[in-house]
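Structural features, examined
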Amino acid sequence: MYQLSNLITNLNKELKKYNINESIDLKISTIQNYDFQINNLVKFQKNKDIKKIKSSFSEIIENEPFIKHYEITDKYFINLLINIELFLPGIENLKDSIKVKKPKKIILDYGGPNIGKPLHVGHLRSLNIGRSLYQINKFAGHNVLNDIHLGDWGMPIAQIICYTDENNIDLGKVKIDDLEKIYPKASKLYSEDPDFNLKAQNVNKQLNEKKEPLLEKWKNIKSISVQSIKEALSLLGHDFDLWMGESDVNNLIPTMIKQLYEKNKISMDGGAYISNFQSDPKILITKSDGSYLYLTTDLATVLDRQKKNKFDKTIYIVDKRQKLHFEQLFNSIKFFQFGNEEFLHVEFGTVNDSKGNPFKTRDGDTKKLSELYNETILKIKEINEDLDEDSYKLLANTVLTYSDLITNRKTDYKFDLDKFTNISGKTGIYVQYAFVRANKLIENSNIDVENINLVFSDIRDLDNNLIKCFLKFEYYYFQALVNNEPHHLADYLYELSNLFNSMYQDENILENTNEIVKLNKLKIAYYFLFYSKMVMELLGIQPAQKM
RNA sequence: GCUCUCGUAGCUCAAAUGGAUAGAGCAACAGACUUCUAAUCUGUAGGUUAUAGGUUCGAGUCCUAUCGAGAGCGCCA
């Protein structure tokens, strides 16, 4: 809590006096009647100075106006109760106070979709997690750029070109639907037909050498595909600062390889370059025919970004099966002495169907994202058939986002549309409903709610529960920020919404005969809207105005 | 074969660096609506955190073994 930062600083200083290198952690209280707890002292129960520390801690906490009440137990657990009357007015300054002092420049790399293939369910998580991390880091004041980083180079493209050559298909006239049908066929041939395999390898090599007319064909595929990807993303509410791809760094690779070889960082091995970094398996830098790999372009991309967008940190939001690739990438960056920036693989689990099997269509293909989107719209229409198209769109995107972010990103999860569109439970529908309800309440009151002053002596229990929940925002926000885990905020949003609904349902607010209680509740509903909207935005969800 | 990840309530999932009595949702059961949007709320029940050891003031979390599940493992991305 930003209001407690002085307290934490003072407690930390105190620990230093006793040569204890420990930074105070404020946790949400697990016991009743308190808001936060500090568990750091427990570890030092046997420290000879513990009694002195305890008494100086008491003195410091005693003098903190934001703490209404506290205790330090026999085992040295510290329990704190917050002074709500001082806390609530501070909400206005929350967004400014939470900003970091030294903003970083962060690049989010989505390890984007491949061109020639439609967006499918496998892309859902990097899009959702990425968008949320973008918002979360911006909220902290960081300078963030997101790069879709298209897979627009390499074997998949070569396979498509090879297939169209073999079958006399004019790429100038091909539509996206045709392209999406071509790739699976080409891919199948590539793995089953040695002759086709050889030809495609050759196409890939020539493409690497930027030979015409292959380059022209590649441009065709890319432009058709990018247009389709942009349309799909716009429907799902995603956009990108950078539309870079693997192809953009091709011209940097020959020099990169040459220099690495001269510095004795890589060696020839049967025509291929491998890294001299000691590892098992060895790290392959190029193929034996000289053409490039995923790792080659990712390395060159680092150099490219250093030139174009000086950055402090790159976060790769890519599924966890690619863990080894990123280990190799990060080890190589260090070993090749490319730079001292921070590199991080934010990994996530796979999305399966409700039975736990890979998400497929009836024909056995990976399910398209647009198909999932349409099914979600239909489900929502079952709940309410009288809404406008924009509202359906907004709610469908809420469902696709919220149900994805509610689970810890590291675990594989089951996408169960029936469950995720449920009107009760931890769903996007539920949190939007609470928001719409609160908005309507304030609208119906015809009162200038913003300027109501709370009367603290008349705060009811259920009102207080909601206020106490506001206290927790920064804790969950911090969890989400430092661990790159949006699910803390998604879960928090449910908790907020649930407590609001409890307050709302308990007694009729607008017809309350006690005017003070009524105004209190309206003001708290107003605060609820503030928090709910803020958290939704951090998750990449647009608040609904009606539903 | 090697490497890594995981195992928490009937189901789906939480529990930051080890902290006090392991929490939610769904489903089940019992209640509350001529509504400020019941698309809601209230309550009950549900656990030897896979198993067996160990480390320590304290273990779902760390270590070891076993059982079970999944993923990855130079010329795909």
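Remember, predicted model here, so these are calculated numbers, not experimental data.

What counts and what doesn't
Residues numbered from 1 in each chain as written. Chains lettered and ligands numbered in written order. Predicted model: local features only at pLDDT ≥ 70, side-chain atom pairs only at ≥ 80, totals over all residues. Heavy atoms only, no water. Helix = DSSP H or I, 4+ residues; strand = E, 2+ residues; numbered from the N terminus. Contact = heavy atoms within 4.5 Å. Areas by Shrake-Rupley, 256 points an atom, 1.4 Å probe, with all protein chains shown as cover. Lys, Arg positive; Asp, Glu negative; His and termini not counted. Charge placed at Lys NZ, Arg CZ, Asp CG, Glu CD. Pairing = 2+ DSSP bridges. Axes fitted to C-alpha atoms, helices over the stretch in contact; angles between N-to-C directions. pLDDT = per-residue confidence, 0-100. Buried < 20%, exposed > 50% of the residue type's maximum accessible area, 1.4 Å probe, protein only. Near = heavy atom within 4 Å. Polar contact = N/O pair within 3.5 Å; in protein donor to acceptor, adjacent residues only side chain to side chain. Right-handed = clockwise from strand over helix to strand, strands pointing away. Parallel < 35°, antiparallel > 145°, perpendicular 65-115°, else oblique. Left-handed = near helix turned anticlockwise from the far one by under 90°. Nonpolar A, V, L, I, M, F, W, Y, C, P; charged D, E, K, R; others polar. Phe/Tyr/Trp six-rings, centres within 6.5 Å; stacked < 30°, edge-to-face > 60°. Salt bridge = Lys/Arg side-chain N within 4 Å of Asp/Glu carboxyl O.

1. Some points on the overall build of chain A
Check the secondary structure of chain A and you find 20 helices and 12 strands. Considering only contacts within chain A whose residues lie at least 6 apart along the sequence, 73% involve residues at least 24 apart. When the accessible surface of chain A is summed, it comes to about 26,200 Å², and 46% of that surface belongs to carbon and sulfur atoms. For chain A, the separation between the mean place of its 72 positive charges and that of its 75 negative charges on side chains is 5 Å.

2. Topic: the sheet that holds strand S1 (residues 26-28)
Taken in spatial order, the 4 strands of this open sheet run S1-S2-S4-S3, and their pairing is antiparallel. Both outer strands of the open sheet, S1 and strand S3 (67-72), are each paired with one neighbouring strand and no more. Strand-to-strand twist of the sheet, defined as the mean angle between neighbouring strand axes without regard to direction, takes the value 30°. Where strand S2 (residues 36-38) meets strand S4 (residues 78-82), 3 bridges bridge the pair, whose relative direction is antiparallel. Counted as the bridge partner of glutamine 37 is asparagine 79 from S4.

3. A few points about the confidence of the model for chain A
Mean pLDDT for chain A: 93, with 99% of residues reaching 70 or above. For this predicted complex, the interface score ipTM comes out at 0.95, alongside a pTM of 0.95.

4. As for the environment of serine 29
Position of serine 29 relative to the elements: it lies in the loop between S1 and S2. Judged by its relative accessible area of 13%, serine 29 falls in the buried class. In this structure the C-alpha to C-alpha distance between serine 29 and leucine 81, which are 52 residues apart in sequence, comes to 9.2 Å. Those residues in contact with serine 29, other than ones at most four positions away along the chain, are Tyr34, Asp35, Phe36 and Gln37.

5. Remarks on the protein's contact with RNA strand B
Taken together, 72 residues sit near RNA strand B, with Asp25, Ile423, Tyr430, Tyr433 and Arg437 positioned nearest. Expressed as a percentage, the sugar and phosphate content of the atoms of RNA strand B within 4 Å of the protein is 59%. Between RNA strand B and the protein, one listed contact pairs a base nitrogen with a backbone N or O atom of tyrosine 504 at 2.4 Å. For RNA strand B, a sugar or linking oxygen lies 2.7 Å from a polar atom in the side chain of glutamine 505.

6. Observations concerning the pairing of strand S9 (residues 313-319)
Counting buried positions along S9 gives 7 out of 7 residues, so the element sits mostly inside the fold. Side-chain alternation along S9 places Lys313, Ile315, Ile317 and Asp319 on one buried face and Thr314, Tyr316 and Val318 on a second face that is also buried. In the sheet, strand S5 (residues 105-109) pairs with S9 via 4 bridges, with the strands oriented parallel. Bridging from a neighbouring strand, aspartate 109 pairs with tyrosine 316 of S9. Bridge count between S9 and strand S10 (residues 342-348): 7 bridges; the pairing is parallel. In the sheet register, isoleucine 315 faces S10, and the bridge partner there is leucine 344. Handedness of the crossover is the feature at issue here: the chain leaves S9, passes through helix H12 (residues 323-335), returns alongside S10, and the resulting connection is right-handed.

7. Digging into the packing of helix H11 (residues 294-308) against H12
At a minimum axis separation of 10 Å, H11 and H12 run at an interaxial angle of 45°. Between H11 and H12, the angle is such that the two are oblique. The crossing of H11 and H12 is right-handed. The segment H11 lies against H12, with Tyr294, Leu295, Asp298, Leu299 and Val302 engaging His325, Phe326, Gln328, Leu329, Ser332 and Ile333. Taken together, the residues that form the contact of H11 with H12 break down as 7 nonpolar, 3 polar and 1 charged.

8. With respect to the packing of aromatic side chains
Scanning the entire structure with this criterion turns up 29 aromatic pairs. Aromatic side chains tryptophan 153 and tryptophan 218 sit 5.2 Å apart centroid to centroid with 85° between the ring planes, which places their arrangement in the edge-to-face category. Of the two residues, tryptophan 153 sits in the loop between strand S6 (143-147) and helix H6 (155-166) while tryptophan 218 sits in helix H9 (residues 214-235), which places them 65 residues apart along the sequence. Here tryptophan 153 falls in the buried class, since its relative accessible area comes to 6%. On the basis of an interplanar angle of 50° and a centroid distance of 5.8 Å, the ring pair of phenylalanine 335 and phenylalanine 336 is categorised as tilted. The exposure class of phenylalanine 335 is partly exposed, given its relative accessible area of 23%.

9. Concerning the sheet that holds S6
Reading across the sheet, the 4 strands line up as S6-S5-S9-S10 and stay open at both edges, with parallel pairing between neighbours. Only two strands of the sheet have a single partner each, and these edge strands are S6 and S10. Recorded for the sheet is a direction-independent mean angle of 20° between the axes of neighbouring strands. Strand direction decides the pairing type here: S5 and S6, joined by 5 bridges, are parallel. Each residue of the ladder has a partner; that of leucine 108, found in S6, is asparagine 146.

10. Regarding the pattern of salt bridges
For side chains of opposite charge, pairing can occur when their charged atoms come near one another. Taken as a whole, this structure holds 32 salt bridges when the rule is applied. Between lysine 381 and glutamate 389 there is a salt bridge, with its nearest N and O atoms 3.6 Å apart. Its relative accessible area of 30% is what places lysine 381 among the partly exposed residues.

11. Remarks on unusual backbone geometry
Between glutamate 212 and proline 213 the backbone carries a cis peptide bond, its omega angle lying at 0°. Within the secondary structure, proline 213 sits in the loop between helix H8 (194-208) and H9. Cis peptide bonds are those with omega within 30 degrees of zero, and the linkage from aspartate 280 to proline 281 qualifies with 5°. For asparagine 264, which is not a glycine, the phi torsion comes out positive at approximately 65°.

12. A word on the pairing of S3
Where S3 and S4 come together, 5 bridges link them in antiparallel fashion. Across the sheet, residue isoleucine 72 finds its bridge partner in S4, namely isoleucine 78. Two successive antiparallel strands, S3 and S4, enclose a turn made up of 5 residues, where tyrosine 76 displays a positive phi of approximately 75°.

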